[in-house]
Amino acid sequence: MVAAVALTATACGGGGGGTADGGEAADYGAELSGTMTTGGFTLGDEVATSRADLATAALEEDGVTVEINESNFDPQRFAAQAASGTLPDLVVMDRQYVATYAAKGLIEPVDECFTTHDVNAEEHYYPAVLQDVTYDGKVYGIPQFWQPWSIITNTRVMDEAGVTAEDLDTSNPDAVLAAAEKMYESDGENPTRLGFDPQMPSQAPIWFAAFGGQIMDETGKPTLDDPANIEALTWLKEIYDAQGGYETAYSFGQTWDFFGENNQFVADQVGAGLYAQWYPNVLADYADKLEISGVPLRNQDGEAIAVAGGQSYVIPTGAKNKAAACKWAVTNTSDEAWMAAAEARVSGMEEGGIFTGIFTGSQTADQLIKEEYLEPTGNEGFDQLIDSYYQALENGVPLGSSPAGLEIQTELQNAMAPAMSGDKTIEEALGDAQAAAMLVYEQATAGAQ
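Computed from a prediction, not measured in an experiment: that's the story for all the values here. (Residues numbered from 1 in each chain as written. Predicted model: local features only at pLDDT ≥ 70, side-chain atom pairs only at ≥ 80, totals over all residues. Heavy atoms only, no water.)

1. Side note on the packing of aromatic side chains
Aromatic rings considered in pairs are described by the distance between their centres and by the relative angle of their planes.
At step 1: Evaluated as defined, the whole model comprises 29 aromatic pairs.
At step 2: Relative to Tyr-97, the ring of Phe-73 lies with its centre 5.8 Å away and its plane at 40°, an arrangement referred to as tilted. Of this pair, Phe-73 sits in the loop between strand E2 (65-69) and helix H3 (75-84) while Tyr-97 sits in helix H4 (residues 95-103); the two residues are 24 residues apart in sequence, bridging distant segments of the chain.
At step 3: An aromatic cluster is defined as three or more aromatic residues linked by ring pairs; in this entry it consists of Phe-258, Phe-259, Phe-265, Tyr-275, Trp-278 and Tyr-279.
At step 4: Directly above the aromatic system of Tyr-390 lies the positively charged group of Lys-370, at a separation of 4.7 Å from the ring centroid. (Phe/Tyr/Trp six-rings, centres within 6.5 Å; stacked < 30°, edge-to-face > 60°. Helix = DSSP H or I, 4+ residues; strand = E, 2+ residues; numbered from the N terminus. Lys NZ or Arg CZ within 6 Å of the ring centre and 35° of its normal.)

So, in structure tokens, the structure goes:
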């Protein structure tokens, strides 16, 4: 709420990409010079570093100095920097926030950025990904990454409990609930193994999509109390209730060595669960200690789906070097950059290592990486798991684009604890979240008119 109030106080006007904060309109074809600064971009691994090196080298050839500020995006900091006129030239943020800032005139449309650098956005990026950064007919974000979700299965635990892959098909929620109950173990009140880990509360929008729901409609209006969302959350509560209750199960999950050599799959602390595509790359380091496979996340019609969450680059209206920011971002998300990232990852792997793919947000880059670098690993379970993510890409589901996107996500997360613990009914919790989100949506759309 503090971030929302600050945002309202620091900007006004519609999403035309103009000069709401006094900045000059973007000229993406301007002669390049000076310094270009970034915010929210971190050089955490070889995938980030290799692309940053490529994009930075391209700007250095034009005489531009690049300064990368390695910090995670913070809505409050963004609002404060916008108010003080100190925003970087290029910012990385969750795609669900893009329309919020576009509606306030705080970020520039980038359609002309694509045109300047001969990027056919509709061909290069996945439609669902591009839709999430489109507001009022204009594109405001340059997407990077698309991390689909699948069910990672612990075949060792499944065999012990008599559970099959078919039992974990999410188009049959009752079967998944029964499988969770079979694989769950406790020492009394405390779990020692979760049969099924839905990754709540953060992944509620993923489950809503799997049940045919959504957090907003095509106009950006909140739909948190959609009947399909209520059905999904009711099922999720049943999953947790069958495993000691939400708070108990959640607390147990927080004890896992998630990134370590004794992670929940090595230690058999989970039977199956919903995980993003980057996590198999973590598990690949411990392939000799675990037995896993994968089942695609499916909607209620049985179709494998991938919900289009992820990040994008945005260019603030107050940026001082918009042309350089544009070139750096499109170079950083080009096919050449993503291929360099894949090469860096593969070349850095130890002998016998497993390459699990890099899912980029670009359909052309993903296809090139798959053709060039993805081969059978010799581990049937990992091969099935990797394939489950690629199956999902064929049916992308956008989360949506809304001037109240940040607040919709915030109100949804605020509703999770009371709903899952039973302090409120599912209908009450989502109804209250819907009312709060609608208030912000109505204010945002009124201000843009």
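Let us keep going from here.
2. What to know about the state of the cysteines
At step 1: Enumeration over the complete set of coordinates arrives at one disulfide.
At step 2: Across the disulfide, Cys-113 is cross-linked to Cys-326 (sulfur-sulfur distance 2.1 Å). Across the disulfide from Cys-113 to Cys-326, rotation about the S-S bond amounts to roughly 100°, and the bridge is consequently right-handed. Here Cys-326 lies in helix H14 (residues 322-332) and Cys-113 lies in helix H5 (residues 111-116), a separation of 213 residues in the sequence.
At step 3: The exposure class of Cys-113 is buried, given its relative accessible area of 0%.
At step 4: Judged by its relative accessible area of 0%, Cys-326 falls in the buried class. (Disulfide = S-S within 2.5 Å. Buried < 20%, exposed > 50% of the residue type's maximum accessible area, 1.4 Å probe, protein only.)

3. A look at helix H12 (residues 246-253)
At step 1: All of the buried residues along H12 are Tyr-246, Ala-249, Phe-252 and Gly-253. The buried residues of H12 all sit within an arc of 135° when viewed along its axis, so they share a single face.
At step 2: In this fold, the buried residues of H12 make contact with strand E9 (191-193), helix H11 (227-241) and helix H18 (405-421). (Arc of directions from axis to C-beta. Contact = heavy atoms within 4.5 Å.)

4. Thoughts on the pattern of salt bridges
At step 1: This model, assessed by the stated rule, comprises ten salt bridges.
At step 2: In this structure, Lys-322 and Glu-108 form a salt bridge, with 2.8 Å as the shortest nitrogen-oxygen distance. Here Lys-322, found in helix H14, pairs with Glu-108, found in the loop between H4 and H5; they are 214 residues apart in sequence, far enough to count as distant.
At step 3: Given a relative accessible area of 7%, Lys-322 falls into the buried group.
At step 4: Across the pair Arg-193 and Glu-185 runs a salt bridge, and its minimum N-O distance is 3.3 Å.
At step 5: Residue classification places Arg-193 among the buried residues on the basis of a relative accessible area of 8%.
At step 6: Through salt bridges that share partners, Asp-45, Glu-46 and Arg-345 make up one connected network. (Salt bridge = Lys/Arg side-chain N within 4 Å of Asp/Glu carboxyl O.)

5. Regarding the nonpolar core
At step 1: Membership of the largest hydrophobic core comes to 87 residues, with the highest contact counts inside it found for Phe-196, Met-200, Trp-207 and Leu-233.
At step 2: Those residues within four positions of Met-200 in sequence are excluded, and the remaining contacts are Trp-207, Leu-233, Leu-236, Tyr-240, Tyr-246, Tyr-250, Met-416 and Met-420.
At step 3: In this structure, Leu-59, Leu-87, Tyr-140 and Ile-315 belong to the second largest nonpolar core, which totals 47 residues. (Core = buried A, V, L, I, M, F, W, Y, C linked by side-chain atoms within 4.5 Å.)

6. Focus on the sheet that holds strand E13 (residues 311-314)
At step 1: Read across the sheet, five strands follow the order E2-E1-E3-E13-E6 without closing on themselves; strand pairing throughout is mixed. Two strands in the sheet have a free side with no partner beyond their single neighbour: E2 and strand E6 (142-144). Each strand of the sheet is rotated relative to its neighbour by a mean of 25°, with strand direction disregarded.
At step 2: By the bridge criterion, five bridges tie strand E1 (residues 35-39) to E2 in an arrangement that is parallel. Within E2, the residue paired with Met-36 across the bridge is Val-66. (Pairing = 2+ DSSP bridges. Axes fitted to C-alpha atoms, helices over the stretch in contact; angles between N-to-C directions.)

7. Topic: unusual backbone geometry
At step 1: Following Met-200, the chain continues to Pro-201 via a peptide bond in cis, the omega torsion being 15°.
At step 2: Structurally, Pro-201 is set in the loop between E9 and helix H10 (204-210).
At step 3: Despite not being glycine, Gln-199 has its phi angle at roughly 60°, a positive value.
At step 4: Within the chain, Asp-268 stands out as a residue other than glycine whose phi angle is a positive 55°.
At step 5: Within the element layout of this structure, Asp-268 appears in the loop between H12 and strand E10 (272-276).

8. Remarks on H3
Along an α-helix, residues three or four positions apart point the same way, because every turn accommodates 3.6 residues.
At step 1: Every buried residue of H3 is listed here: Pro-75, Phe-78, Ala-79 and Ala-82. Viewed along the axis of H3, the buried residues span an arc of 95°, placing them on a single side of the element.
At step 2: The positive-phi residue at the C-terminal boundary of H3 is Gly-85, with phi of around 70°.

9. Focus: the sheet that holds strand E7 (residues 149-154)
Sheet strands pair by backbone hydrogen bonding; their relative direction is either parallel or antiparallel.
At step 1: Taken together, three strands build an open sheet; the order of strands is E10-E7-E11 and the sheet is antiparallel. Unpaired on one side and paired on the other, E10 and strand E11 (292-296) mark the two borders of the sheet. Between one strand axis and the next, the sheet turns by 35° as a mean value, whatever way the strands run.
At step 2: In this structure, E7 lies alongside E10, joined through five bridges in antiparallel fashion.

10. Some details on the packing of helix H9 (residues 173-183) against H11
At step 1: At a minimum axis separation of 9 Å, H9 and H11 run at an interaxial angle of 15°. Between H9 and H11, the angle falls in the class roughly parallel. At the point where H9 passes H11, the crossing takes the right-handed sense. For the pair H9 and H11, contact is made by Pro-173, Asp-174, Val-176, Leu-177 and Ala-180 and by Trp-235, Glu-238 and Ile-239, respectively.
At step 2: In terms of residue class, the contact of H9 with H11 is built from six nonpolar, no polar and two charged. (Parallel < 35°, antiparallel > 145°, perpendicular 65-115°, else oblique. Left-handed = near helix turned anticlockwise from the far one by under 90°. Nonpolar A, V, L, I, M, F, W, Y, C, P; charged D, E, K, R; others polar.)

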